[in-house]
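Residue-level listing of the chains:
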Amino acid sequence: MKRLAILGSTGSIGQSTLSIVEQFPERYQVAALAAGRNMNEAFAQASRWRPRMISLATEELAGELAGRLREAGITGIEVVHGTAGTVACATLPDVDFVVSAIVGVAGLEATHAAILAGKPVGLANKECMVAAGEILTRAARERKVPILPIDSEHNAVHQCMRVGAHAEVKTIWLTASGGPFRQLPLDQFANITPEQALKHPTWVMGRRITIDSATMLNKGLEVVEACRLFDVAPSQVRVTVHPQSTVHSLVEYVDGSILAQISVTDMRLPILYALAWPERPASKLTFDLAALRHLDFEPPDFERFPCLRLAFEAAEKGGAHCIALNAADEVAVEAFLDRRIPFMGIPRTIEEVLATTPEAHPATIAEVLAADREARRRARVLLP
Ligand code: MG
């Protein structure tokens, strides 16, 4: 029986994780939940799963939840709050596995704390690996703590990497759906509206990641993530546009063999893989290969998607540049959604912030967070 801490339990990865727990009650149990701000969902999850501990974003929300649990006659659940609360959930002594699914750098400290406490981590938060990948992977290596990627591409790569030795890997091929503007002519990019950018062809996701898919910055963040997770150089990572999103990624070996991972586009499968690794439990998440007719692949267009080029450049420099890539994008995406900047203002903002970013490699999470704040400040100065 694995006892889980789920950080980001009310988000889509958190809810999918709970649906896996529901399907495999003999394998998994909920020990701790970090729920954020969604009070009704937090209350529903606490009543349904009866974790030992639950964390809310603020003291006020925690107080409200504690009151509701008392009224409902539910006891034995410790209600905590804030970053310290999330860290407490991640490091609870009886937790065997931590699912890190808090969006943004908010989950960073808790993910780091989980690794330092020797807990295996299922990582769905790509910003963690982008901003602090050097620190997190070093800590994981030192403590021999596995980090199992839940992002579908990296999960696929993780599966394909089990087949050969690290030194035999030539190229990691990350597949990209190409987003909604894969075929839009470059001269129309100036008029893209938030509504158009929020329509993703294959995945239903949060707002920032949907915009990041439209600019392909999401794929850029995944390039950085792949370099850190699998300890390869940026020159060993390539992106291929694969509109069907059927092949989740591929690994090319030095002998010329290329291994691909195919499955349904359902996040529950990478979650199950991460939770169960190194085992593979039987599931109902089957893919109908007999119905498959086409697999298309095409090279990405770096001119229409400059975010991809910027991400490769940041990956090459590492450290502060990767932090700035993520931070500047988050600020720019917000401004685009507020209609303060055009769609192509997103890569322009990132490029300008990267240009003023010093080459540095923060050695602690505090330094990462300081570099993140500083990059956001510089991004905001650039915006109207
Ligand atoms: Mg992905």
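The sections below set out a description of the structure shown in this document. Every value quoted in this text rests on a predicted model; they were computed, and no experiment measured them.

Cut-offs and rules
Residues numbered from 1 in each chain as written. Predicted model: local features only at pLDDT ≥ 70, side-chain atom pairs only at ≥ 80, totals over all residues. Heavy atoms only, no water. Pairing = 2+ DSSP bridges. Helix = DSSP H or I, 4+ residues; strand = E, 2+ residues; numbered from the N terminus. Axes fitted to C-alpha atoms, helices over the stretch in contact; angles between N-to-C directions. Donors = N, O, S within 2.8 Å, 3.2 Å for Na, K, Ca; no water. Contact = heavy atoms within 4.5 Å. Expected span 1.5 Å × (residues − 1). Buried < 20%, exposed > 50% of the residue type's maximum accessible area, 1.4 Å probe, protein only.

**Here we look at the sheet that holds strand E7 (residues 147-149)**
What the 7 strands build is an open sheet, ordered E4-E3-E2-E1-E5-E6-E7; its pairing is parallel. Of all the strands in the sheet, just strand E4 (78-81) and E7 have a single pairing partner and so form its edges. Taken over all neighbouring pairs, the strand axes of this sheet differ in orientation by 20 degrees on average, direction set aside. In this structure, strand E5 (residues 97-100) lies alongside strand E6 (residues 121-123), joined through 3 bridges in parallel fashion. Bridge assignment links Val-98 to a residue of E6, and that residue is Val-121.

**Brief notes about the coordination of the magnesium ion**
For the magnesium ion, the protein coordination sphere consists of Asp-151 (OD), Glu-153 (OE) and Glu-222 (OE), at 2.1 to 2.4 Å. Spacing between the donor residues of the magnesium ion along the chain follows D-x1-E-x68-E.

**Let's talk about the sheet that holds strand E10 (residues 247-253)**
In spatial order, the strands read E9-E8-E10-E11; together these 4 strands make up an open sheet with mixed pairing. Two strands in the sheet have a free side with no partner beyond their single neighbour: strand E9 (237-241) and strand E11 (258-262). Neighbour-to-neighbour, the strand axes of the sheet open up by a mean angle of 20 degrees, direction not taken into account. Contacting strand E8 (169-176) and E9, helix H10 (residues 217-230) crosses the sheet at an angle of about 150 degrees to E8.

**Description of helix H3 (residues 59-71)**
In this model, H3 (13 residues) spans 18 Å end to end at C-alpha, consistent with the 18 Å of a helix rising 1.5 Å per residue. For H3, every residue scored as buried is listed here: Leu-61, Ala-62, Leu-65, Gly-67 and Leu-69. The first or second residue beyond H3 is Gly-73, which carries a positive phi of 75 degrees.

So far we have only geometry, and geometry alone does not tell us how the molecule works.
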